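Structural overview
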Amino acid sequence: MAAAQPKPTAGTARRLARGCWSAFWDYETPKVIVVKNRRLGVVYRAVQLLILLYFVWYVFIVQKGYQDSETGPESSVITKVKGITSSEHKVWDVEEYVKPPEGGSVFSIITRIEVTRLQTLGTCPESMRVNNATCDSDEDCVAGQLDMLGNGVRTGRCVPYYHGASQTCEVSAWCPVEDGASVSQFLGKMAPNFTILIKNSIHYPKFQFSKGNIENRKDGYLKRCTFHEVSDLYCPIFKLGFIVEQAGENFTELAHTGGVIGVIINWDCDLDLSPLKCNPKYSFRRLDPKHIPASSGYNFRFAKYYKVNGSTARTLIKAYGIRIDVIVHGQAGKFSLIPTIINLATALTSIGVGSFLCDWILLTFMNKNKIYSHKKFDKVCTPRHSSGSWPVTLAFVLGQAPPPPCPGSAEPGRVGRPQDKGPSQALAALPPQPRPTFTPSEQMVDAPEQSAGPELCASKHSQQDPALMDPRGLAQL
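For every chain, the first residue of its written sequence is number 1, and the numbers climb from 1 along that sequence. Given that this is a predicted model, residues contribute local features only at a pLDDT of at least 70 and side-chain atom pairs are listed and counted only at 80 or more, while totals for whole chains, interfaces and linings are drawn from all residues. Each side-chain value is derived from all of the structure's non-hydrogen atoms; neither hydrogens nor water enter the calculation.

Stated precisely, the cut-off is as follows: UniProt positions are given in the numbering used here, feature names are shortened, and annotations may be inferred rather than shown by experiment.
Recorded under Function (unreviewed entry), the UniProt text for the protein chain is reproduced unchanged: "Receptor for ATP that acts as a ligand-gated ion channel." Quoted verbatim from the Catalytic activity (unreviewed entry) field of UniProt, the annotation for the protein chain is "Ca(2+)(in) = Ca(2+)(out)".

Some thoughts on the UniProt feature "transmembrane region" (unreviewed entry) in the protein chain
Definition in use: Numbering goes from the N terminus for both helices and strands, where a helix is a DSSP run of H or I of at least four residues and a strand is a run of E of at least two.
What UniProt calls "transmembrane region" (unreviewed entry) maps, in this numbering, to residues 42-60 and 344-366. Within the segment residues 42-60, helix and strand shares are 100% and 0% respectively, and the terminal C-alpha atoms sit 26 Å apart.

Thoughts on the state of the cysteines
Formally: In plain terms, two cysteine sulfur atoms within 2.5 Å form what is called a disulfide here. Using a 1.4 Å probe on the protein chains alone, a residue whose accessible area is under 20% of its type maximum counts as buried, one over 50% counts as exposed, and one in between counts as partly exposed.
Here the structure, examined in full by the defined rule, presents five disulfides. Note that cysteine 135 is cross-linked by a disulfide to cysteine 158, the S-S spacing being 1.9 Å. On the sign convention where negative means left-handed, the S-S torsion of about 95 degrees between cysteine 135 and cysteine 158 marks this disulfide as right-handed. Of the two residues, cysteine 135 is situated in the loop between strand S6 (106-125) and strand S7 (153-160) and cysteine 158 in strand S7; the sequence distance between them amounts to 23 residues. Pair check on accessibility: cysteine 135 and cysteine 158 agree, each one buried. For cysteine 269, the disulfide goes to cysteine 278, at an S-S distance of 1.8 Å. Accessibility assignment for this pair places cysteine 269 and cysteine 278 in one class, buried.

What about a negative patch on the surface?
Under the convention used in this document: Note that patches include only residues with greater than 30% relative accessible area and no salt bridge, and the join distances are 9 Å for like charges and 5 Å for nonpolar side chains (Val, Leu, Ile, Met, Phe, Trp, Tyr). Method for areas: the Shrake-Rupley scheme with a 1.4 Å probe, in which residue coverage is limited to the protein chains shown. We define a salt bridge as a side-chain nitrogen of Lys or Arg found within 4 Å of a carboxyl oxygen belonging to Asp or Glu. When charges are counted, neither His nor the chain ends are considered; positive counts come from Lys and Arg and negative counts from Asp and Glu. Throughout, a charge is located at the NZ atom of Lys, the CZ atom of Arg, the CG atom of Asp or the CD atom of Glu.
On the surface, Asp136, Asp138, Glu139 and Asp140 cluster together into a negatively charged patch. By the element assignment, aspartate 138 lies in the loop between S6 and S7.

Structural notes on the environment of isoleucine 84
Definition in use: Residues are treated as being in contact if the distance between any of their heavy atoms lies within 4.5 Å.
Looking at the element boundaries, isoleucine 84 is found in the loop between strand S2 (74-82) and strand S3 (85-86). Sequence spacing of isoleucine 84 and tyrosine 97 is 13 residues, and the spatial spacing of their C-alpha atoms is 9.1 Å. Setting aside anything within four residues of it in sequence, one finds isoleucine 84 in contact with Trp92, Asp93, Tyr97, Met190 and Phe194.

Quick word on the side chain of glutamate 70
Here glutamate 70 is to be found in strand S1 (residues 67-71). Buried charged residue glutamate 70 carries no salt bridge. Nearest counter-charge: lysine 206, at 5.8 Å. Look past the residues within four positions of glutamate 70 in its chain and what remains in contact with it is Tyr204, Pro205, Lys206, Phe207, Gly330, Gln331 and Ala332.

Brief notes about the packing of aromatic side chains
By convention here, two paired aromatic rings are described through the distance between centres and the angle between planes. To keep it simple, the criterion reads: Aromatic pairing here means that ring centres of Phe, Tyr or Trp (its six-membered ring) are within 6.5 Å. Orientation follows from the plane angle: under 30 degrees is stacked, over 60 is edge-to-face, and everything else is tilted. Sitting over a ring, as applied to charges here, requires NZ of Lys or CZ of Arg to be within 6 Å of the ring centre and within 35 degrees of the ring normal.
Tallied over the full model, the rule gives 18 aromatic pairs. Considering the side-chain rings of phenylalanine 227 and phenylalanine 238, the 4.7 Å spacing of their centres and the 35 degrees angle between planes classify their relative orientation as tilted. Of this pair, phenylalanine 227 sits in the loop between strand S11 (209-212) and strand S12 (237-239) while phenylalanine 238 sits in strand S12, and the two are 11 residues apart along the sequence. Measuring from centroid to centroid gives 5.8 Å for phenylalanine 238 and phenylalanine 284, while their planes differ by 70 degrees, and the two rings are edge-to-face. Of this pair, phenylalanine 238 sits in strand S12 while phenylalanine 284 sits in strand S14 (residues 281-286), and the two are 46 residues apart along the sequence. Judged on exposure class, the residue phenylalanine 238 and its partner phenylalanine 284 are both buried. Every member of this aromatic cluster is reached through a ring pair, and the members are Phe227, Phe238, Phe242, Tyr282 and Phe284. When the ring centre of phenylalanine 302 is taken as reference, the NZ or CZ atom of lysine 99 above it lies at 5.0 Å.

Here it is, written out as structure tokens:
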């Protein structure tokens, strides 16, 4: 039968509390081992240098990690288009070819139209482009059928088409339908010379900073200038042909098929510098996928209604045009102590990656990894007579017996003086030295008179490999 475990008493609990309180104020420091190995030292310094260059060049110089930043400024855009053009039958001004006319950040400039005049409510042949619209007799047309992609409700009759010998089903709709009587007109003859004024102002609320893209002058500067990236940066008046050219598109082709062009205004501001250094940067590119025929181009429809002999009539217009999307984004930054401290602390912490990498190489790949492991890690045993110390008290509280003492521990013998012998004989005559003791538990013992300092356990490696006890072992690394 095993001996009964002693039960903790109130005095034991008090000693445990005092021991824990005393241990709380102890200071612990890691053991430092210097390994004389040139290749390992090169790896260690190279890793540190790479980490240092990353933080200095990329984090602090490129990304400006010392600044507090704000992205997405509050922005307003007002546009105004000017110019006239003509088609085969009339002259067009701004009120007719700009849709919508409010002057917002998204607007369209009509460059080509397909006009279907004098549409009235009645019956007429369906467009041949509609699925199953062609027919040979009335039996091919179902009365009352409504095709969502068609132009009206079928009457059940098969009638001749607007031109040619074909026949289609008759529909009740606005007649004639668009494909049967439309006329194309091109408005893009003078369109490259249209001027577009883009007024933009931004505000960064975090830094209370505001700025606009128009120069504050009272000499009529805006009436005679056009945009130039160097000489007239604060004259945001662009020609439509210039915008299309900067986007890398052919104006004639774009005017026939339509398309979407983005005008991107970027405000990247370093507020540690003068506000004069915060300038807008303009870029232009096409936004719709022109290489996909099913989704390229841009068009829309609208109608103009009027009365003819007391009946309602309309002119249907299918408009192709260039849509302009003005997009504003940016980022502002200003020095702040908090991100600076955070990035500095991250940099100093990351330098320790070199130590971790070199430790891993030593313990895994080096020939003397057993010697390094033996020197780096110490195993501390519980003292033989330590019933009054707080670790043993803690073991009693948990209901566990104290671990057995280390076997084979003995006092090291005295070492003779080797200076009277030759260098090689002196080194050979040195007996194996005892492991240095590390006695943190001595400071945490409640009653010093009841226990001695803990001993170091000899590991299995040190008992099996004589090289581990060689004082020259670590130097051979």
